[in-house]
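Here are the chains, one letter per residue:
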Amino acid sequence: MSTAEATTPTDPHPQYLHNLLQIVHTNLQHQADWHSLSTHTSPSLPRPLISGIPPEGTKQEWVLPVSLREKWSLRKWAEVFDALPEMDGDEGGDEDDDGGKEKEKEGKKLMMGVVSDDSTVVYYVVGEGIIKPKQN
């Protein structure tokens, strides 16, 4: 084994996941106008992730690149949410509009960037657990 192979960490994610990561990253940067984008490919993550700030947002959000052809199970979602680090501002304790009562912690959430065969990307918000709908 050469020295270069010994010092290079093994990437646990297959190449197709890195291809999805690049497509979604490019789409967020050039079409969706997100900023402060970072890619996360740690071995502690079940899949590569992207973090960044949406154009009208003030805090970072997670984006999970996936293929339209993938099948998702509750187990796969649990693995992703269990490995998802907390972002700044994700902690409970914010005040709401009803007399300053503490909000219930909503759980982790992310955007799923679904890539189709023609490289079109569609985004869906996915939350961990059951989230009470907002009242209008």
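Just so you know, these numbers come straight off a predicted model, no measurement behind them.

Chemist: Can you explain unusual backbone geometry? Please cite residues and give values.
Modeler: In the Ramachandran plot, D33 falls in the positive-phi region, its phi being about 60 degrees despite a non-glycine side chain. Along the chain, D33 turns up in the loop between α2 (15-30) and β1 (35-40). Phi angles above zero are rare outside glycine, and S36 is one such case at about 55 degrees. Relative to the helices and strands, S36 resides in strand β1.

Chemist: I'd like a description of the environment of H13, backed by residues and values.
Modeler: Position of H13 relative to the elements: it lies in the loop between α1 (3-7) and α2. Here H13 falls in the buried class, since its relative accessible area comes to 6%. On a C-alpha basis, the gap between H13 and R47 in space is 6.5 Å, while along the polypeptide they are 34 residues apart. From its side chain, H13 meets the backbone oxygen of L45 in a polar contact 2.9 Å long.

Conventions and cut-offs
- Residues numbered from 1 in each chain as written.
- Predicted model: local features only at pLDDT ≥ 70, side-chain atom pairs only at ≥ 80, totals over all residues.
- Heavy atoms only, no water.
- Helix = DSSP H or I, 4+ residues; strand = E, 2+ residues; numbered from the N terminus.
- Buried < 20%, exposed > 50% of the residue type's maximum accessible area, 1.4 Å probe, protein only.
- Polar contact = N/O pair within 3.5 Å; in protein donor to acceptor, adjacent residues only side chain to side chain.

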